[in-house]
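Structure assessment
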Amino acid sequence: MHHNDYMRLYAMIEERGKPLAFTGYHWQDPSLATVNRFLACTRWLVCATCPYDQLVLNGIPEAIPKLKTCGSKALAWVPFLMQRLDDQYLMRPSEAPQLKRMPSAIT
């Protein structure tokens, strides 16, 4: 799928009031090849948080602010993820040009 196709899909999910559910990758998962942001792969918890990283770093919450999300893994990693995304974003804002605010302000 192309980025615009995903945007249409996310908009349809938002319009219906349904959450976008996601889970992590495993290292051999071909979906990992779709990662398009360096910032999404700069930590130890890649498999569990990569789908959410990609969502945030590609500006989906900025473009579709009422889209609800839910992850199927334990949520203990959320504070760590937000701190790391903010830190990495400050060092490489060009990696997430769609963001208008810090990643932690989006969630």
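So, here's what we can say about the structure. This is a predicted model, so every value here is computed, not measured. (Residues numbered from 1 in each chain as written. Predicted model: local features only at pLDDT ≥ 70, side-chain atom pairs only at ≥ 80, totals over all residues. Heavy atoms only, no water.)

1. Digging into the overall build of the protein
- Tallying secondary structure elements over the protein gives five helices and two strands in all.
- In the protein, the order of α-helices and β-strands from amino to carboxyl end is α-β-α-α-β-α-α.
- Here the protein, with 107 residues, has 43% of them falling under the buried criterion.
- In the protein, 63% of the contacts between residues at least 6 apart in sequence involve partners at least 24 apart.
- Total accessible area on the protein is roughly 6400 Å²; 59% of this is exposed by carbon and sulfur atoms. (Helix = DSSP H or I, 4+ residues; strand = E, 2+ residues; numbered from the N terminus. Buried < 20%, exposed > 50% of the residue type's maximum accessible area, 1.4 Å probe, protein only. Contact = heavy atoms within 4.5 Å. Areas by Shrake-Rupley, 256 points an atom, 1.4 Å probe, with all protein chains shown as cover.)

2. Section: the nonpolar core
- With 20 residues, the main nonpolar core has Tyr 10, Tyr 52, Ile 60 and Leu 67 as its most contacted residues.
- Of all the secondary-structure elements, those providing two or more residues to this core are helix 1 (3-15), strand 1 (19-22), helix 2 (46-57) and helix 4 (78-91). (Core = buried A, V, L, I, M, F, W, Y, C linked by side-chain atoms within 4.5 Å.)

3. Regarding a nonpolar patch on the surface
- On the surface, Tyr 6, Leu 9 and Met 12 cluster together into a nonpolar patch covering about 240 Å² of accessible area.
- Along the polypeptide, Met 12 turns up in helix 1. (Patch = residues over 30% accessible without salt bridge, like charges linked within 9 Å, V, L, I, M, F, W, Y side chains within 5 Å. Salt bridge = Lys/Arg side-chain N within 4 Å of Asp/Glu carboxyl O.)

4. Some thoughts on the side chain of Gln 88
- Note on placement: Gln 88 falls in helix 4.
- Here the side chain of Gln 88 touches Arg 92 through a polar contact of 2.4 Å, side chain to side chain. (Polar contact = N/O pair within 3.5 Å; in protein donor to acceptor, adjacent residues only side chain to side chain.)

5. Re helix 4
- Here helix 4 spans 20 Å end to end across 14 residues, near enough to the 20 Å set by a 1.5 Å rise per residue.
- Among all positions of helix 4, only Leu 81, Met 82, Arg 84, Leu 85, Asp 86, Gln 88 and Tyr 89 are buried. (Expected span 1.5 Å × (residues − 1).)

6. A few points about the environment of Ala 11
- Summarising the element assignment, Ala 11 is placed in helix 1.
- A sequence separation of 54 residues divides Ala 11 from Pro 65, and the C-alpha atoms of the two residues are 9.8 Å apart.

7. Focus: the pattern of salt bridges
- Applying the stated rule across the entire model yields two salt bridges.
- Across the salt bridge formed by Asp 5 and Arg 8, the nearest N and O atoms sit 2.3 Å from each other. Of this pair, Asp 5 and Arg 8 both sit in helix 1, three residues apart, which is roughly one turn of that helix.
- Glu 62 is the partner of Arg 101 in a salt bridge, and the nearest nitrogen-oxygen pair spans 3.4 Å. Here Arg 101 is found in the loop between helix 4 and helix 5 (103-106), whereas its partner Glu 62 is found in helix 3 (residues 60-63), with 39 residues between them in sequence.

8. Considerations on the pairing of strand 1
- Of the two faces of strand 1, only the one carrying Leu 20 and Phe 22 is buried; Pro 19 and Ala 21 on the other face are not.
- Taken together, the four bridges between strand 1 and strand 2 (residues 68-71) define a ladder with parallel strand orientation. Residue Pro 19 lies in a different strand from strand 2, and its bridge partner there is Lys 68. (Pairing = 2+ DSSP bridges.)

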